[in-house]
Amino acid sequence: MEITASMVKELRDKTNAGMMDCKKALTETSGDIEKAIDYLREKGLSKASKKADRIAAEGLTYALVSECGKKGAVVEVNSETDFVAKNEEFKNFVETVAQVALNQEVKDVEALKAIKVEGGKTLQETLTDKIAKIGENMSIRRFAVEKVENGAVVAYIHAGGKISVIVALESEGNKETLEVLGKDLAMQVAAMNPKYISTDDVDPEFIAHEREILIAQALNEGKPKNIVEKMVEGRLQKELKEVCLLEQAYVKDGDITVKKHIENTAKNIGKDIKVAGVQRYEVGEGIEKKSENFAEEVAKQMGQ
């Protein structure tokens, strides 16, 4: 069967694949468009698998909130380079992932990736197509959802998606005030990166571990044993103030704590306010980035 230019154009419009790839796919499938699409997808899967071992430590985070304002989602999708992270197509995909995480009740990333989106493909299939097209390894790394019965969930995106935060506030107070407070708290979380909401949430093992280290430090400094314990407790409390959101100095007013700011807001509206949940994602945190000497990389490629 003769493969015409219009057939190649139609296949290219549907798949965004290269012209020569489209022509070859049509030739291999005797001009059947649907089979040619499958052929290209299979080729895309093959291309993508070759890129799967590349470390994707760049990318974007994204956060958004439902129309009712009581549920929020935050996601991280990784790419190999910051250049791809700035690509509009990549940005749109990250937003789609966040929307799916917000709308669907899924428990883990594998379940999230299996959700079908526009076009009848799953999120993973859509991502695989983009890997083949863009030529970089990309991955949906993680997501989290926070929701409240009463109150508000607020999202904040910092530095174009380098950091995204959602804060859930449980309260009977008016939505507008809670949203303003939530934005302030989300910016606090983005800047100060607390590990816990309050001292009640701190892992006892973390406290025991830090206490051991502080005792050893104090003894190594030559401090008398009879005052070490009291001194260590003081240092421990100071450290907890740094890692617990409510105990941190409020970034907009260093004279008060975050807890005091929340209490002041609650007093003004006459309703209790509780920080029910906090999620902070920063691009690439915890991923070991691969760095190789260029000469070593060339030698490796040449089999030396």
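Here's what I pulled together on the structure shown here. (Residues numbered from 1 in each chain as written. Predicted model: local features only at pLDDT ≥ 70, side-chain atom pairs only at ≥ 80, totals over all residues. Heavy atoms only, no water.)

A tally of helices and strands in the protein chain yields 12 helices and 8 strands. A burial count over the protein chain gives 42% of its 304 residues as buried. As displayed, the protein chain offers around 17500 Å² of accessible surface, 49% of which is attributable to carbon and sulfur atoms. (Helix = DSSP H or I, 4+ residues; strand = E, 2+ residues; numbered from the N terminus. Buried < 20%, exposed > 50% of the residue type's maximum accessible area, 1.4 Å probe, protein only. Areas by Shrake-Rupley, 256 points an atom, 1.4 Å probe, with all protein chains shown as cover.)

Our focus in this paragraph is the pairing of strand β7 (residues 253-257). In this sheet, β7 lies alongside strand β6 (residues 249-250) in antiparallel orientation, the contact comprising 2 bridges. By the bridge assignment for β7, Tyr250 is matched with Asp253. In this structure, the hairpin formed by β6 and β7 is closed by a connection of 2 residues. (Pairing = 2+ DSSP bridges.)

Moving on, we come to the sheet that holds strand β1 (residues 58-65). As summarised here, the arrangement of the 3 strands in space is β1-β2-β3, forming an open sheet in which the pairing is antiparallel. Among the strands making up the open sheet, the edge pair consists of β1 and β3 (138-147). Averaged over all adjacent pairs, the angle separating strand axes in this sheet is 10°, with direction ignored. Judged from the 8 bridges that link them, β1 and strand β2 (residues 71-79) form a sheet pairing that is antiparallel. Looking at the pairing, Val65 lines up with Gly72 of β2. Lying over the sheet, helix α5 (residues 88-103) contacts β1, β2 and β3, oriented at roughly 140° with respect to β2. (Axes fitted to C-alpha atoms, helices over the stretch in contact; angles between N-to-C directions. Contact = heavy atoms within 4.5 Å.)

A few words now on the pattern of salt bridges. Tallying each qualifying case throughout the model produces 19 salt bridges. Lys91 serves as the salt-bridge partner of Glu88, at 3.5 Å between the closest nitrogen and oxygen. You can see Glu88 and its partner Lys91 sitting in helix α5, 3 residues apart, about one turn around the helix. What makes Lys91 partly exposed here is its relative accessible area of 29%. If you follow the salt bridges from partner to partner, you end up with Glu58, Asp82, Lys86 and Lys162 in one network. (Salt bridge = Lys/Arg side-chain N within 4 Å of Asp/Glu carboxyl O.)

Read from one edge to the other, the open sheet built from 3 strands follows the order β4-β5-β8, with strand pairing classed as antiparallel. Among the strands making up the open sheet, the edge pair consists of β4 (151-158) and β8 (273-282). The average angle at which neighbouring strand axes cross in this sheet is 10°, direction not considered. The pairing of strand β5 (residues 163-171) with β8 spans 9 bridges and is classified as antiparallel.

Okay, the packing of α5 against helix α7 (residues 123-134) next. Two numbers describe a pair of packed helices, the interaxial angle and the distance between the axes. Put simply, α5 and α7 touch, their axes get as near as 12 Å, and they point 170° apart. Comparing their axes, α7 and α5 come out roughly antiparallel. The residues of α7 that touch α5, namely those facing Glu89, Phe93, Thr96, Val97 and Val100, are Leu123, Thr126, Leu127, Lys130 and Lys133. Its residues assigned to classes, the contact of α5 with α7 shows 5 nonpolar, 2 polar and 3 charged. (Parallel < 35°, antiparallel > 145°, perpendicular 65-115°, else oblique. Nonpolar A, V, L, I, M, F, W, Y, C, P; charged D, E, K, R; others polar.)

Quick look at the side chain of Glu210 now. Following the sequence through the fold, Glu210 ends up in helix α9 (residues 204-220). No salt bridge is formed by the buried Glu210. Its closest oppositely charged neighbour is Lys195, at 7.8 Å. Every residue in contact with Glu210, bar those within four places of it in the chain, is listed here: Leu236 and Glu239. (Lys, Arg positive; Asp, Glu negative; His and termini not counted.)

Moving on, we come to α9. In a regular helix each residue adds 1.5 Å, so 17 residues correspond to 24 Å; α9 covers 24 Å between its end C-alpha atoms and thus fits that length. Tucked into the core, α9 has its buried residues touching α10 (225-243). The opening residue of α9, the one whose side-chain oxygen lies 2.9 Å from the backbone nitrogen of Glu205, is Asp203. Positive backbone phi, at 85°, marks Gly222, one or two positions downstream of α9. (Expected span 1.5 Å × (residues − 1). Polar contact = N/O pair within 3.5 Å; in protein donor to acceptor, adjacent residues only side chain to side chain.)

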